[in-house]
Amino acid sequence: MLPLIACGAGIFVGLHFNILALLPLSVLGAGAYVLTSWSNGHGLLSSMAAVFLPIVAVQVGYFLGLTTRPAYLHLRSRLNIRQSEQA
């Protein structure tokens with residue numbers, strides 16, 4: 001479930017933000033996960049190994065968001081078109 005959520009977050013960041021938003025998201029997410037699992041009694045090394053998959057999922061989601069950004073913007077512009085009021 002966590003990789004799917006991470007991939008969804010990466011897609012959102014890829015669609016709406018630039019590359020500078022991805023680095024803090026990855027670092028903060030990984031730090032929060034490692035700190036939480038470390039406080040629950042897991043080893044630091046095993047916690048860092050478990051963080052690898054969500055970070056990769058965020059990167060993949062970000063790439064998907066970047067590659068689909070033009071199609072997403074085209075779809076948004078087509079849905080926001082109003083009918084002309086000229087007679």
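Before reading on, note that the structure itself is shown above.
Residues numbered from 1 in each chain as written. Predicted model: local features only at pLDDT ≥ 70, side-chain atom pairs only at ≥ 80, totals over all residues. Heavy atoms only, no water.

The next thing to look at is the nonpolar core. Of all hydrophobic cores here, the largest spans seven residues; its members are Ala-6, Cys-7, Val-13, Leu-22, Ala-57, Val-58 and Tyr-62. Excluding residues that lie within four positions of it along the chain, Leu-22 makes contacts with Val-13, Val-58, Gln-59 and Tyr-62. (Core = buried A, V, L, I, M, F, W, Y, C linked by side-chain atoms within 4.5 Å. Buried < 20%, exposed > 50% of the residue type's maximum accessible area, 1.4 Å probe, protein only. Contact = heavy atoms within 4.5 Å.)

Moving on to helix α1 (residues 2-16). In this model α1 runs 21 Å from its N-terminal to its C-terminal C-alpha over 15 residues, within 8% of the 21 Å that 1.5 Å per residue would give. Inspection of α1 places Ala-6, Cys-7, Gly-10, Val-13, Gly-14 and Leu-15 among the buried residues, and these make up the whole buried set. (Helix = DSSP H or I, 4+ residues; strand = E, 2+ residues; numbered from the N terminus. Expected span 1.5 Å × (residues − 1).)

Moving on, we get to the environment of Arg-78. Assignment of secondary structure puts Arg-78 in helix α3 (residues 44-79). Using a relative accessible area of 56% as the deciding quantity, one classes Arg-78 as exposed. Taking the C-alpha atoms as reference points, Arg-78 and Trp-38, 40 residues apart in sequence, are found 48 Å from one another.

We now examine a nonpolar patch on the surface. The grouping of Leu-35, Trp-38, Leu-44 and Met-48 at the surface amounts to a nonpolar patch, some 450 Å² of accessible area in total. Secondary-structure assignment places Met-48 in helix α3. (Patch = residues over 30% accessible without salt bridge, like charges linked within 9 Å, V, L, I, M, F, W, Y side chains within 5 Å. Areas by Shrake-Rupley, 256 points an atom, 1.4 Å probe, with all protein chains shown as cover. Salt bridge = Lys/Arg side-chain N within 4 Å of Asp/Glu carboxyl O.)

Looking now at the environment of Trp-38. Inspection of the secondary structure assignment puts Trp-38 in helix α2 (residues 22-39). Sequence separation between Trp-38 and Met-48 is 10 residues; the distance between their C-alpha atoms is 9.6 Å. Once you skip the residues sitting within four places of it in the chain, Trp-38 turns out to touch Leu-44 and Ser-47.

This part is about the layout of surface pockets. In this structure, the largest pocket encloses a volume near 220 Å³. The leading source of residues in the lining of the largest pocket is α2, at five residues. Tallied by class, the residues present in the lining of the largest pocket amount to 11 nonpolar, two polar and no charged. (1 Å grid on protein atoms, 1.4 Å probe; cavity = no way out; pocket = protein on both sides within 12 Å on 5 of 7 lines; lining within 4 Å. Points joined across faces, edges and corners; volume = space filled by probe spheres on them. Nonpolar A, V, L, I, M, F, W, Y, C, P; charged D, E, K, R; others polar.)

Here α2 contains 18 residues, and its C-alpha end-to-end distance of 26 Å stays within 8% of the 26 Å for a straight helix at 1.5 Å per residue. For α2, the complete set of buried residues consists of Leu-22, Ser-26, Ala-30, Val-34 and Ser-37. Seen end-on, α2 carries its buried residues on one side only, within an arc spanning 80°. What points out from α2, more than 90 degrees from its buried face, is the exposed set Val-27, Leu-28, Leu-35 and Ser-39. On its buried side, α2 packs onto α1 and α3. Gly-41 sits one or two positions beyond α2 and adopts a positive phi of about 100°. (Arc of directions from axis to C-beta.)

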